[in-house]
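Secondary and tertiary structure notes
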Amino acid sequence: MTLRPASRRAQNRLATWGVILALGVALQVMVETGALSRYVVSPPTEALGSLGELFVEDRLAQVFLLTLGMTFVAAACAIAVGVPLGLLLARVELLRRSFESWLGAAFSAPLVLLYPLFLVILGRGLGTLIVMGALVGIAPIALKTIEGARSIPPVLENVARSMNMTQGQRLRLLVIPAALPSVFAGVRIALIYILINIVAIDFLVSLGGLGSLVAATYDRYDMPAMYGSILFVILTSIAFFTLIEAGERWLTRR
Amino acid sequence: MTALHGVDLAVEEGEFVAVIGPSGCGKSTLFSIIGGLLDGYDGSVEIDGRPVVGPHRDIGMVFQEESTFPWRTALENVALPLQLAGVPKKEREDRARELIALVGLTGFEDARPAQLSGGMRQRISIARAFAAQPRIMLMDEPFGALDEQTRLLLCDKLLEICQAMKQTTLLITHNITEAVQMSDRVVVMSYRPGTIKSVIDIDLPRPRTSEALSSAAFGGYVGRIWHDLREEASKGMAAAEAGARKARA
């Protein structure tokens, strides 16, 4: 029997949540039986129970929206720089050969360590978060844009040439649509990197987002709330990833 | 390596000419030169006595490989040349619908290429080439990737359209049946460097369909072309085998 893609997706999702639930139950049992210290690990039920408190007392909704907003602004900046940069490098062979490996290096470098520099340049504000976020997003987006723009089948290039497309028409009607699935893959990677960096820097310098909240609960040694906020960050990442995937499927349906 | 040598070919208005030759005889090079996709050759391509350099609006091209844009619907694919020409949306969609009907794909206007079979996708490519209303249709083995039955049916469809539109067509092919079924003249090319070995006029009645395949005259033309082609095809096969042996050594 063959499953339709939608049923297969639902089955995969069910398996994923089943494993997560099983791990949660195992963790709960280990804490309850004393195999793991309650002072080190909070039982999942208490971490989940703290979410209500976090929403009321720590304004989790506002904190979340701030982080989400920063992530989107940083992603928009990364797309605005990364896509044209990728298209340029894909078009100009000399530039691509000169800089593609640099971009690869920038992608794998721990750029988060540059945060003190940007704190000095931009001050301790949301601008630093946006710039640091955008900075880590540019490389994957540019690299995947190059990949997409360079993998256009030669016959489609010949169709464009046979129709006398101008450079602008070629870019708009051929290169960008052909590269779109690859660009999306880059944006998906970038968004996760951006979110991680923004939360990490916020954790270090407390600018009022989800990172600050984790740091605050850690500082006041509120274990359930700390684990609750970490859980919320993880759930946010998963939701993010799922939403991007859905958007990608919709925009690149072919 | 010289791909083509001394190729001198004139096609009259409304004529259907097939160029046939063994693999490696430079058929696709000839296609690219006439279509303006290749430069750096000696000689010239002329339309009405005027030299043509680069792709030209008078020449429509249909490629051997899958060439529809996968992100566009069938309608959007066919309407592409009209979009490039700045034709208003409503007008170009109406024209694209007519062409889709002409290639027998009414009802598939909103389908994306991935939802269509290879033969249907190639019909969309043909409709797209007709959309630009070129004076000359240039086709490079448009049915090469299709099974024999689909190919015969699509040849019928293309013949019907070309005959109705009196479309000047130059077909590059390696299929003898296809060449005889469609053409007024068949140009047989030699193996590398490709030269014109013979030109055979096909004097079969028009309008023509694949029914003509069963006639004695059809068989006669096929035999004559194969007679001219056999030696060249043998050379091509020997060269391919020599290449493979060299690669293995």
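The following refers to the structure shown. Because the structure is predicted, anything quoted here is derived from the model rather than measured.

Regarding its fold elements, chain B presents 7 helices and 8 strands. Projected onto its principal axes, the C-alpha positions of chain B cover 55 × 45 × 45 Å. Taking all 249 residues of chain B together, 39% fall into the buried category. Counting contacts in chain B only where the partners sit at least 6 residues apart, residues at least 24 apart contribute 72% of the total.

Right, let's talk about unusual backbone geometry for a bit. Residue and element names in this part refer to chain A. Phi is positive for S206, close to 45°, though the residue is something other than glycine. Relative to the assigned elements, S206 resides in the loop between α8 (167–205) and α9 (210–219). Looking at S206, the number of C-beta atoms within 10 Å reads 15, which means it is partly exposed.

Residues and elements named next belong to chain A. Running from N to C, helix α3 (residues 60–91) and α8 cross one another at 140°; their axes reach a closest spacing of 9 Å. By the angle between their directions, the pair α3 and α8 is classed as oblique. Of the two possible hands of crossing, α3 and α8 adopt the one that is right-handed. On α8, the residues touching T67, M70, T71, A74, A75, A78, I79, V83 and L87 of α3 are V175, V183, V187, A190, L191, I194, L195, I198, V199 and D202.

Residue and element names in this part refer to chain B. Burial within strand β7 (residues 185–189) is extensive, with 4 of its 5 residues counted as buried. Relative to β7, strand β1 (residues 16–20) runs parallel, the two being bridged by 4 bridges. Residue pairing for β7: I20 is matched across the bridge by V188. Looking at chain direction, β7 and strand β8 (residues 196–201) are connected through 5 bridges and run antiparallel. The partner of M189 across the bridge, within β8, is I196. Linking β7 back to β8 in an antiparallel pair, the connection comprises 6 residues.

Before going further, it helps to examine the interface of chain A and chain B. In this complex, chain A contributes 12 residues to the contact, which on the side of chain B involves 15 residues. Broken down by secondary-structure element, the contributors of at least two residues to the side of chain A that touches chain B are α7 (154–162) and α8 of chain A. A per-element tally of the side of chain A that touches chain B places α7 of chain A first, with 6 residues. Considered class by class, the residues forming the side of chain A that touches chain B number 6 nonpolar, 4 polar and 2 charged.

Analysis parameters
Residues numbered from 1 in each chain as written. Chains lettered and ligands numbered in written order. Predicted model: local features only at pLDDT ≥ 70, side-chain atom pairs only at ≥ 80, totals over all residues. Helix = DSSP H or I, 4+ residues; strand = E, 2+ residues; numbered from the N terminus. Buried ≥ 20, exposed ≤ 12 C-beta atoms within 10 Å, placed from the backbone. Contact = placed C-beta atoms within 7 Å. Axes fitted to C-alpha atoms, helices over the stretch in contact; angles between N-to-C directions. Parallel < 35°, antiparallel > 145°, perpendicular 65-115°, else oblique. Left-handed = near helix turned anticlockwise from the far one by under 90°. Pairing = 2+ DSSP bridges. Nonpolar A, V, L, I, M, F, W, Y, C, P; charged D, E, K, R; others polar.

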